[in-house]
Amino acid sequence: MTNGFLKELVERLGGEAFILEDKVPDMFLASTQNPPYFMDYDTPYFHVMVVSTFSSDEPISQIIEASRELPSDFRVYLTGNYRKKFSVLDVEKLKESGIILTGFISEEEYQALMHYSDVIVILTLKNDILNCGSYEAVALERPMILSDTKIIRNYFRSGCLYTRPTKDDIYKNILLSKEVNNELKSDLVEYKPYLVESWSKKFDRLKYKIGCLD
């Protein structure tokens, strides 16, 4: 299980569970890539990557509304299948506002986009999940804006800002992420080794527990 809520759920059903969050991944492709073709990286924009799949548990409308109000020196990139919600005409209009819907992109482009972005936004409307994009951002030491839930706060304790899923709060935190970007990066550089070591110790305990069952 990746969190205490799911562990308790399994145990209420009579099972035995062990909490092991996702491992911080090896994003080795990122540093070998140039910025994706849709990034205007040579212009001094503040680049905001939104890790999204356009699923029902993501506050996409609120993110779009907040992004529309950002200053002109911001660029916002939403990954995932935007065709669930937006037409080709919508995409062009959003681009004029500095909001780029990337659609599905390759793993190389995805890692490069994260690597060259200044902050990573990973939001959910659910209270009981840890998003994969957060682990990826930690791997690349990219500052994050995450959902303000107990589970997320308990695990991702540094290098990030927490937001409610409202237009105003998302807008406020994107602006703030620019102001405190260097501080967030420094905090995450220090926090990442703790997460890596903590995961390794938990994994060793899990292997021991499994071995005891033989």
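Here's what I pulled together on the structure shown here. Just so it is clear, the structure is predicted and the values come from calculations on it, not from any experiment. (Residues numbered from 1 in each chain as written. Predicted model: local features only at pLDDT ≥ 70, side-chain atom pairs only at ≥ 80, totals over all residues. Heavy atoms only, no water.)

1. Some details on the overall build of the chain
Summing up its helical and strand segments, the chain has 8 helices and 6 strands in all. Its C-alpha radius of gyration of 18 Å places the chain within 12% of the 17 Å reference for a compact globule of 214 residues. Dimensions of the chain, computed from C-alpha atoms along their principal axes, come out at roughly 60 × 35 × 30 Å. Expressed as a percentage of its 214 residues, the buried residues of the chain come to 48%. By element, 50% of the accessible surface of the chain is carried by carbon and sulfur atoms, the whole surface being about 11,400 Å². (Helix = DSSP H or I, 4+ residues; strand = E, 2+ residues; numbered from the N terminus. Rg over C-alpha atoms; globule rule 2.2 N^0.38 Å. Buried < 20%, exposed > 50% of the residue type's maximum accessible area, 1.4 Å probe, protein only. Areas by Shrake-Rupley, 256 points an atom, 1.4 Å probe, with all protein chains shown as cover.)

2. Thoughts on the packing of helix H2 (residues 60-68) against helix H7 (residues 167-179)
Look at H2 against H7: their axes get within 8 Å of each other, and the N-to-C directions meet at 55°. Judged by the angle between their axes, H2 and H7 are oblique. In terms of crossing hand, the pair formed by H2 and H7 is right-handed. Side by side, H2 and H7 meet where Gln62, Ile63, Glu65 and Ala66 of the first sit next to Lys167, Ile170 and Tyr171 of the second. Within the contact of H2 with H7, the residues separate by chemical class into 4 nonpolar, 1 polar and 2 charged. (Axes fitted to C-alpha atoms, helices over the stretch in contact; angles between N-to-C directions. Parallel < 35°, antiparallel > 145°, perpendicular 65-115°, else oblique. Left-handed = near helix turned anticlockwise from the far one by under 90°. Contact = heavy atoms within 4.5 Å. Nonpolar A, V, L, I, M, F, W, Y, C, P; charged D, E, K, R; others polar.)

3. Remarks on the pairing of strand S3 (residues 99-103)
A regular strand places its side chains so that they alternate between the two faces of the sheet. With 5 of 5 residues buried, S3 is to be regarded as a mostly interior element. Of the two faces of S3, the one lined by Ile99, Leu101 and Gly103 and the one lined by Ile100 and Thr102 are each fully buried. The pairing of strand S2 (residues 74-79) with S3 spans 4 bridges and is parallel. By the bridge assignment, Thr79 is partnered in S3 with Gly103. (Pairing = 2+ DSSP bridges.)

4. Some thoughts on the pattern of salt bridges
Overall, the coordinates contain 9 salt bridges when judged by the stated rule. Residues Asp168 and Lys167 are paired through a salt bridge, measuring 3.7 Å at the closest nitrogen-oxygen approach. On the basis of relative accessibility, which here comes to 25%, the residue Lys167 falls in the partly exposed class. Salt bridges sharing common partners tie together Glu69, Lys167 and Asp168. (Salt bridge = Lys/Arg side-chain N within 4 Å of Asp/Glu carboxyl O.)

5. Comments concerning the side chain of Glu136
By secondary structure assignment, the location of Glu136 is in helix H5 (residues 132-139). Residues contacting Glu136, with those up to four places away along its chain left out, are Pro25, Met27, Tyr110 and Met114.

6. Regarding the environment of Met39
Relative to the helices and strands, Met39 resides in the loop between helix H1 (4-12) and strand S1 (46-50). Taking the relative accessible area as the measure of exposure, Met39 reaches 7% and is therefore buried. For the pair Met39 and Ile100, spaced 61 residues apart in sequence, the C-alpha separation works out to 8.9 Å. Beyond its immediate stretch of four places on either side in the chain, Met39 contacts His47, Tyr77, Leu113, Tyr116 and Ser117.

7. Some remarks on unusual backbone geometry
You will see that Phe54, though not glycine, has its phi angle at about 60°, which is positive. Tracing the sequence through the fold places Phe54 in the loop between S1 and H2. Relative accessible area serves as the criterion here: at 3%, Phe54 is assigned to the buried category. A positive phi is found at Glu141, a non-glycine position, where the angle reads about 55°. Mapped onto the elements, Glu141 comes out in the loop between H5 and strand S5 (144-147). We classify Glu141 as partly exposed; its relative accessible area is 27%.

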